[in-house]
Amino acid sequence: MKISKNGIDFIKQFEGIRLKAYKAVPTEKYYTIGIGHYGQDVKEGMTITEKQAEDLFKKDVERFEKYVEQTGLQLNQNQFDALVSFTYNCGPGTLKKLINGRTLKEIPDAMLNYNHSGGKELAGLTRRRKAERELFLKETDSPKIGIIIGSARADENKKYSGGKAGDQRQKDSPDYSGEVSMQSFYEHSKGWYILRPKDAEVAMRIAAAMITACNNSHVGYDQLGRLGIMSKGTDAKEDTECDCGTLVRKCVLEASGVDPGNFTTANEAAFLKKTGLFEEKIPYKTGTKLYTGDVLVTKTKGHTVVVTAGESRSLTNAGLYPRYTGSTTSIVQALKEVGETDTSFSHRRNIACMNNIHSYSGTAYQNTQMLNLLKQGKLIRY
């Protein structure tokens, strides 16, 4: 996801432009220059041109966009713009503090707490936080959640072979930075074909398997060792490897019990079609709906991914847990009471995926969502 023109103008309105280095607050460690560019590269007395200021601003915005994307939050455009502005001003560490343990409904009010510098409340920061809160809460013409995809991407050296087994780049879970990880959907330069599972439950299980692999630090990328995933599984307990094609193959196998075979991205569409599990391939066009569990492959040899958070499909034939009638507020205890024997975090994450609770990280809000479905007799089993 990218910041909008409105978001760019919003940041510029508060940052202004100054072509000579300055300190907004005397206690700051580094100097600031241009359109709010701050860091150890800015020295006292330094001057730049307007073009240099714009170039620095563009690079800074791209960097802060990535920090917001890596949160995995399902944001509309205004929410995304507001958080990029917040991160531009406060930094990625403060962004983590802001969102940690909070729901989307709680984040905008929490923004107002970050209006201090050097231990003092600053009127300028108070104005900015209020404006960011208003932008976050403002309705948008495009309220759809961002589409998230998962795939095997590259090894720790950003190469296709030669790295160590396991994911050497994974930092967090949900993982948006590792060798095998999730990211916001993008339109590939080679174009995408959509391969949609006929059965909605199989689709959700494919997505769940991909999420498991993306969040498993034992699963890394290496084309030479790509078949390791076939024996170790997406929930591997020891370091193994895969590439984008074998990971999709394993996800399909785990979801359906059908092995599509040892394909490449050049012939993947034909191999998946032969399984009988998928509809005819659909060329992706801007605006085409993408559903959770859709498999995407480039039109010519290149890359393949699974949509891990997209539009929802009806799971009319899926098995449901018995309706929970107890009084506990713990989803773990409630699941045990309805007969679930595996209440581990990884299994709960799969249950969450089956129920369209995306980017599950075990927050109180997500667990309450699951518990409410269980109380209604509508929680789908994994």
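Please refer to the structure placed before this passage.
Remember, it's a predicted structure, so these values are computed and weren't measured experimentally. (Residues numbered from 1 in each chain as written. Predicted model: local features only at pLDDT ≥ 70, side-chain atom pairs only at ≥ 80, totals over all residues. Heavy atoms only, no water.)

Asker: Can you walk me through the packing of aromatic side chains in this structure?
Answerer: The geometry of an aromatic ring pair is captured by the separation of the ring centres together with the interplanar angle, meaning the angle of the planes. Taken as a whole and assessed by the stated rule, the structure comprises 10 aromatic pairs. A network of ring pairs unites the aromatic residues F57, F64, Y67 and Y88 as a single cluster. We note R63 situated over the ring of F64; from NZ or CZ to the ring centre the distance is 4.5 Å. The positively charged end of K274 is found above the aromatic ring belonging to F271, 5.9 Å away from the centroid. (Phe/Tyr/Trp six-rings, centres within 6.5 Å; stacked < 30°, edge-to-face > 60°. Lys NZ or Arg CZ within 6 Å of the ring centre and 35° of its normal.)

Asker: What should I look at first to understand the packing of helix α1 (residues 5-15) against helix α2 (residues 50-69) in this one?
Answerer: The contact between α1 and α2 brings their axes to 12 Å, and the two run at 120°. Taken together, α1 and α2 sit at an angle that is classed as oblique. Handedness of the α1/α2 crossing: right-handed. Listed contacts from α2 to I8, I11 and K12 of α1 are E54, F57 and V61. Residues of the contact of α1 with α2, tallied by class, amount to four nonpolar, no polar and two charged. (Axes fitted to C-alpha atoms, helices over the stretch in contact; angles between N-to-C directions. Helix = DSSP H or I, 4+ residues; strand = E, 2+ residues; numbered from the N terminus. Parallel < 35°, antiparallel > 145°, perpendicular 65-115°, else oblique. Left-handed = near helix turned anticlockwise from the far one by under 90°. Contact = heavy atoms within 4.5 Å. Nonpolar A, V, L, I, M, F, W, Y, C, P; charged D, E, K, R; others polar.)

Asker: Hey, could you run me through unusual backbone geometry in this one?
Answerer: Both trends apply: most residues other than glycine have a negative phi, and most peptide bonds are in trans. With a phi close to 60°, K158 is a non-glycine residue in the positive phi region. Tracing the chain through its elements places K158 in the loop between β6 (148-152) and β7 (180-184).

Asker: Looking at this model, I keep getting lost on empty space enclosed by the protein. Mind explaining?
Answerer: Empty space among the atoms becomes apparent when a probe as large as a water molecule is rolled across them. This model, assessed by the stated rule, comprises two cavities of 30 Å³ or more. Here the largest cavity is characterised by a volume of approximately 80 Å³. Around the largest cavity, the lining residues are M1, V68, E69, L73, L75, F80, G146, I148 and S184. Here the lining of the largest cavity is built from residues that sort into six nonpolar, two polar and one charged. (1 Å grid on protein atoms, 1.4 Å probe; cavity = no way out; pocket = protein on both sides within 12 Å on 5 of 7 lines; lining within 4 Å. Points joined across faces, edges and corners; volume = space filled by probe spheres on them.)

Asker: Could you clarify how one ought to interpret the sheet that holds strand β12 (residues 295-298) in this entry?
Answerer: The strands making up a sheet associate through backbone hydrogen bonding, with each pair oriented either parallel or antiparallel. Strand order in the open sheet formed by six strands is β7-β6-β13-β12-β8-β11, with antiparallel pairing between adjacent strands. Of all the strands in the sheet, just β7 and β11 (282-283) have a single pairing partner and so form its edges. Contacts from helix α7 (residues 200-214) reach β6, β7 and β13 (304-309), with the element oriented near 100° to β13. (Pairing = 2+ DSSP bridges.)

Asker: What is the right way to look at the sheet that holds strand β1 (residues 18-22) in this model?
Answerer: Taken together, three strands build an open sheet; the order of strands is β1-β2-β3 and the sheet is antiparallel. At either end of the open sheet lies a strand with only one pairing partner, and these are β1 and β3 (37-39). Adjacent strand axes in the sheet meet at a mean angle of 15° when their direction is disregarded. The sheet contact formed by strand β2 (residues 31-34) and β3 spans three bridges and is antiparallel. Residue pairing for β3: I33 is matched across the bridge by H37.

Asker: Just checking my understanding: could you explain the side chain of T32 for this structure?
Answerer: Along the chain, the position of T32 falls in strand β2. Not counting residues up to four positions away in its chain, the partners in contact with T32 are K20, A21, Y22, H37, Y38 and V42.

Asker: Help me out: how do you make sense of the side chain of S151 in this one?
Answerer: Along the chain, the position of S151 falls in strand β6. Residue S151 is classed as buried on the basis of its relative accessible area of 1%. Looking at S151, its side chain comes within polar contact range of the side chain of H303, at 3.2 Å. When sequence neighbours within four positions are dropped, the list of residues in contact with S151 reads E179, V180, S181, Q183, M210, C214, L247, H303, T304 and V305. (Buried < 20%, exposed > 50% of the residue type's maximum accessible area, 1.4 Å probe, protein only. Polar contact = N/O pair within 3.5 Å; in protein donor to acceptor, adjacent residues only side chain to side chain.)

Asker: Which parts of the structure should I look at to understand the layout of surface pockets?
Answerer: When its volume is computed, the second largest pocket comes out at roughly 860 Å³. Taken together, 31 residues make up the lining of the second largest pocket; nearest its centre are E15, E28, N89, C90 and L125. Those elements giving two or more residues to the lining of the second largest pocket turn out to be α1, β1, β3, α2, α3 (77-90), α4 (92-99), β4 (116-117) and α6 (123-137). In terms of residue count, α6 provides more of the lining of the second largest pocket than any other element does, five residues in total. Across the lining of the second largest pocket, the residue classes break down as 12 nonpolar, 10 polar and nine charged.

Asker: Help me understand the pairing of β12, please; the structure alone is not making it clear to me.
Answerer: Each regular strand displays side chains that alternate between the two surfaces of the sheet. Where burial is concerned, the two faces of β12 agree: the one with V295 and V297 and the one with L296 and T298 are both buried. Two strands pair when backbone bridges link them, and strand β8 (residues 192-195) and β12 are joined in this way by four bridges, in the antiparallel orientation. Residue L195 lies in a different strand from β12, and its bridge partner there is V295. In terms of strand pairing, β12 meets β13 through three bridges, oriented antiparallel. Directly across from L296, in β13, lies its bridge partner V305. Linking two consecutive strands that pair antiparallel, namely β12 and β13, is a turn of five residues.

Asker: What is the right way to look at the nonpolar core in this model?
Answerer: Nonpolar side chains in soluble globular proteins tend to end up buried together. Among the nonpolar cores identified, the biggest contains 38 residues, and V180, I206, L247 and F278 are the most heavily contacted of them. Among the elements that make up this core, the one with the highest residue count is α7 (nine residues). The contact partners of L247, leaving out residues within four places of it in the chain, are S151, A152, V180, M210, A213, I229, T234 and C242. Judged by nonpolar contacts, the second largest core, of 30 residues, contains I35, F86, L95 and L98. (Core = buried A, V, L, I, M, F, W, Y, C linked by side-chain atoms within 4.5 Å.)

Such coordinate-based values are descriptive only and should not be taken to indicate function.
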